[in-house]
Amino acid sequence: MSASDEQRRDREPRPDEAAADRPEEYDVIVLGAGPVGENVADRTSAAGLATVIVESELVGGECSYWACMPSKALLRPVTARADARRVPGVRERLTAPLEVSAVLAHRDAYASHWHDDGQVDWLKSAGIDLVRGRGRLDGPRRVTVDLPDGGRRQLTARHAVAVCTGSRAALPPLPGVDRVRPWTSREATSSRTVPRRLAVVGGGVVAVEMATVYRALGAAVTVLVRGSGLLDRMEPFAGELVARSLTEAGVDLRTGTSVTGVRRTGDGDGSGPVVLTLDGGDELEADEVLFATGRAPRTEDIGLETIGLSPGRWLEVDDSCRVTQVPDGWLYAVGDVNHRALLTHQGKYQARIAGAAIGARAHGTPPPDAGPWGALSATADHAAVPQVVFTDPEAASVGLTAARARESGRRVRVVDQDMGQVAGAGLYAEGYRGRARIVVDEDRGHLLGATFVGPGIGELLHSATVAVAGEVPLDRLWHAVPAYPTISEVWLRLLEKYRDGAAEPAE
Ligand SMILES: Cc1cc2nc3c(=O)[nH]c(=O)nc-3n(C[C@H](O)[C@H](O)[C@H](O)COP(=O)(O)OP(=O)(O)OC[C@H]3O[C@@H](n4cnc5c(N)ncnc54)[C@H](O)[C@@H]3O)c2cc1C
Ligand SMILES: NC(=O)c1ccc[n+]([C@@H]2O[C@H](COP(=O)([O-])OP(=O)(O)OC[C@H]3O[C@@H](n4cnc5c(N)ncnc54)[C@H](O)[C@@H]3O)[C@@H](O)[C@H]2O)c1
């Protein structure tokens, strides 16, 4: 039997009787089996470390069952239909609305019908032990798990504990909000019915994606945004183009509107329509209200107080995802819970890095490349975070916006391009509407950021991510020739304008 076979045998799930009072020792304990926890465990297990993962709900986490997967499965039929309706010869045959039951069934399939057997099988195949239950830190390197059957297991970690407990929807502090059965992203992504009237509070990513879905499924949707526009972390034109499209689709979009009260009209039992009071005194009645008002860390009940940290806060980490306030470097916090970038792909990137760092430190190998852009440093979190908002049009960005780049004190030049002028875009969709922007570091001659808005541009984003993360000189990008006639030719238009010294966009 090889050493790795022996390690794998060591990591076979322990029979319950072994659980008694005696702490079970592992090299690494991962708390939370969302996409990020799974990837940390995968990397530490691959590094030959005996790894156990603790999960209180479903292996796969928010992303698989109540976030990325179901939301994108709901959105894809919407954007596919919208795209097809912009193609002559197809649109004439596309007069019927979406088949709601088929869309919801597609969503159910992508959420694996809220069963995690597939993910559990994968854990087993990777040699990772699973303990189901609520885990809490219980002093340095110790985790206690309350099991679903009322029992308890105690785990200790020789090398590291990785907190990957993610985030939950944050509700605004409105009196009575918890008595009106509000929707959060969980209900919006898993609902089996389409409300006749849906009010959406918030102007961020969840708000615009879910407004897109429910409007296309037939709901009368009102979006209440307290600020002046949508998607305020992206370039302003992204929110403007998405707002225009939502409005054209029939969404009642109200900016500069805050909600000051919420109640149900029934007998105090949570029944009846929901009524929102708006600043200024107006009221809005709907059948459901979705609060898409950001996220809170799932750290309030994980025993942080037993190691001298405050519960309920985001955990601050260094670039290898080690919690900075904990001595001896045994505690890591990876994914949403560290608040660096609340995105699955970025959390999984951190997981690969944290897993490698835990492995290197456990084996006593001096970290060879812990500096910026090295294998043990999540540098992209600061410079090259990509995100696609899957609305119609899609909005995609990486790196810094023009405003953020200027705030950073760099000498910056901004170039914009109307996507409608790109031949490949016109072929993709008649009357293609969209815009692209690059933000150039004038002193270093490479891209700091890029934003694309338009149908089907999500797949374009990775080209920009490579350019930003790779700090590819613009002179060399000039030789990266986009195929004709693809939407990617927008790169050529942007670089031509940059070389020709085109005037900067007004905004
Ligand atoms: C509606 C919506 C759509 C999204 N769409 C996208 C998208 O398209 N692309 C994208 O990149 N990102 C998207 N995101 C963000 C993405 O879902 C998160 O960034 C991602 O899920 C974070 O992964 P995580 O593993 O850090 O946390 P989670 O996925 O939240 O997983 C944490 C896990 O820890 C478990 N846990 C918590 N506490 C304990 C405990 N005490 N003991 C045991 N287990 C515990 C939880 O049950 C959960 O399974 C979306 C988010 C939302 C809300
Ligand atoms: N396609 C994707 O990549 C995708 C999709 C969905 C969610 N996500 C991730 O999930 C996270 C959560 O998304 P989100 O939309 O909930 O958060 P968000 O931070 O993107 O947007 C929150 C919105 O709610 C508003 N808001 C906050 N408090 C409010 C209050 N009290 N009253 C009224 N408005 C209020 C904010 O102004 C903002 O418009 C995001 O960070 C995002 O990265 C990603």
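Computed from a predicted model, the values in this text were never measured in an experiment.

### Points about the packing of aromatic side chains
Under the criterion given, the structure shown has four aromatic pairs. Their ring planes at 70° and their centres at 6.4 Å tell us that Tyr428 and Tyr432 sit as a pair that is edge-to-face. For Tyr428, a relative accessible area of 33% translates into the label partly exposed. The residue whose ring lies beneath Arg186 is Trp66, and the NZ or CZ to ring-centre distance is 3.7 Å. Above the plane of the ring of Trp478 lies Arg499, whose end atom (NZ or CZ) is 4.1 Å from the centre.

### Description of the pattern of salt bridges
Throughout the structure, instances matching the rule amount to 39 salt bridges. A salt bridge links Glu430 to Arg91; the shortest N-O distance between them is 2.9 Å. Linking Glu430 in the loop between α13 (423-428) and β20 (435-441) with Arg91 in the loop between α4 (68-84) and α5 (100-110), this pair joins segments that are 339 residues apart in sequence. Relative accessible area serves as the criterion here: at 30%, Arg91 is assigned to the partly exposed category. Across the pair Arg437 and Glu235 runs a salt bridge whose closest N-O atoms are separated by 2.8 Å.

### A closer look at the pairing of strand β12 (residues 274-278)
For β12, a buried count of four out of five residues is recorded, marking the element as mostly surrounded by other parts of the structure. Bridge analysis of strand β11 (residues 259-264) against β12 gives five bridges, and the strand direction is antiparallel. In the strand pairing of β12, Gly261 is matched with Thr277. Here β12 runs beside strand β13 (residues 283-286); their pairing, made up of four bridges, is antiparallel. Counterpart to Val275 in the pairing with β13 is Glu285. Hairpin connection from β12 to β13: four residues lie between these consecutive antiparallel strands, with Gly280 at a positive phi of about 100°.

### Examining the UniProt feature "domain: Pyridine nucleotide-disulphide oxidoreductase dimerisation" (unreviewed entry) in the chain
Residues annotated by UniProt as "domain: Pyridine nucleotide-disulphide oxidoreductase dimerisation" (unreviewed entry) correspond here to residues 385-491. Between the C-alpha atoms that bound residues 385-491 there is a distance of 19 Å. The span itself is 25% helix and 31% strand.

### Digging into the site of ligand 1
Around ligand 1 there are 36 residues in total, and Glu55, Lys72, Gly135, Asp336 and Thr344 lie nearest to it. Note that an oxygen atom of ligand 1 is positioned 3.0 Å from one of the backbone N or O atoms of Glu62. The contact in question runs from an oxygen atom of ligand 1 to an N or O atom on the backbone of Thr344, over 2.9 Å. With the chains in place, 94% of the 990 Å² that ligand 1 exposes on its own is no longer accessible. Classifying every residue of the shell around ligand 1 gives 14 nonpolar, 14 polar and eight charged. Inspection of the shell around ligand 1 shows a minimum of three residues originating in each of domain 1 (27-60 + 116-168 + 297-380) and domain 2 (64-110).

### What about the UniProt feature "domain: FAD/NAD(P)-binding" (unreviewed entry) in the chain?
The sites that carry the UniProt feature "domain: FAD/NAD(P)-binding" (unreviewed entry) are, in the present numbering, residues 26-345. Here residues 26-345 runs as 28% helix and 24% strand, with 27 Å between its end C-alpha atoms.

### Looking at the site of ligand 2
As a matter of local geometry, ligand 2 sits amid 20 residues, with Gly203, Val206, Glu209, Arg233 and Val388 nearest to it. At 3.0 Å from an oxygen atom of ligand 2 is found a main-chain nitrogen or oxygen belonging to Gly203. For ligand 2, an oxygen atom lies 3.3 Å from a polar atom in the backbone of Gly204. Surface burial for ligand 2 is 78%, taken as the share of its 850 Å² of free accessible area covered by protein chains.

### Some words on helix α9 (residues 236-248)
Here α9 is 13 residues long and its end C-alpha atoms lie 19 Å apart, about the 18 Å a rise of 1.5 Å per residue gives. Of all the positions in α9, only Phe237, Ala238, Gly239, Leu241, Val242, Ala243, Ser245 and Leu246 are classed as buried. Following α9 by one or two positions, Gly250 has its phi on the positive side, about 105°.

### Quick look at the domain arrangement of the chain
By domain assignment, the chain separates into domain 1 (27-60 + 116-168 + 297-380), domain 2 (64-110), domain 3 (177-293) and domain 4 (393-499). With centres defined by C-alpha atoms, the gap from domain 2 to domain 4 works out at 28 Å. Contact with domain 2, which involves five residues of that partner, is made by four residues of domain 4. Summing both sides of the interface, domain 2 and domain 4 together bury roughly 450 Å²; the carbon and sulfur share of this comes to 45%. Applying the counting rule to domain 2 against domain 4 returns one salt bridge. Taken together, the residues of the side of domain 2 that touches domain 4 break down into two nonpolar, no polar and three charged.

### What to know about the environment of Thr365
Considering the arrangement of structural elements, one finds Thr365 in the loop between α10 (344-362) and α11 (380-383). Its relative accessible area of 43% is what places Thr365 among the partly exposed residues.

### Some points on the pairing of strand β21 (residues 446-454)
Here β21 lies mainly inside the structure; nine of its nine residues are buried. Here strand β18 (residues 394-399) pairs with β21 via six bridges, running antiparallel. Each bridged residue has a counterpart across the sheet, and for Ala395 the counterpart in β21 is Val453. With seven bridges connecting them, β20 and β21 associate as antiparallel partners. Bridge assignment links Arg435 to a residue of β21, and that residue is Val453. Between β20 and β21, which pair antiparallel in sequence order, lie four residues; one of them, Gly445, sits at a positive phi of approximately 70°.

Calculation rules
- Residues numbered from 1 in each chain as written.
- Chains lettered and ligands numbered in written order.
- Predicted model: local features only at pLDDT ≥ 70, side-chain atom pairs only at ≥ 80, totals over all residues.
- Heavy atoms only, no water.
- Phe/Tyr/Trp six-rings, centres within 6.5 Å; stacked < 30°, edge-to-face > 60°.
- Buried < 20%, exposed > 50% of the residue type's maximum accessible area, 1.4 Å probe, protein only.
- Lys NZ or Arg CZ within 6 Å of the ring centre and 35° of its normal.
- Salt bridge = Lys/Arg side-chain N within 4 Å of Asp/Glu carboxyl O.
- Helix = DSSP H or I, 4+ residues; strand = E, 2+ residues; numbered from the N terminus.
- Pairing = 2+ DSSP bridges.
- UniProt positions renumbered as here; feature names shortened; annotations may be inferred.
- Near = heavy atom within 4 Å.
- Polar contact = N/O pair within 3.5 Å; in protein donor to acceptor, adjacent residues only side chain to side chain.
- Areas by Shrake-Rupley, 256 points an atom, 1.4 Å probe, with all protein chains shown as cover.
- Nonpolar A, V, L, I, M, F, W, Y, C, P; charged D, E, K, R; others polar.
- Domains from an automatic or database assignment.
- Expected span 1.5 Å × (residues − 1).
- Contact = heavy atoms within 4.5 Å.
- Buried area = accessible area lost by both parts, 1.4 Å probe.

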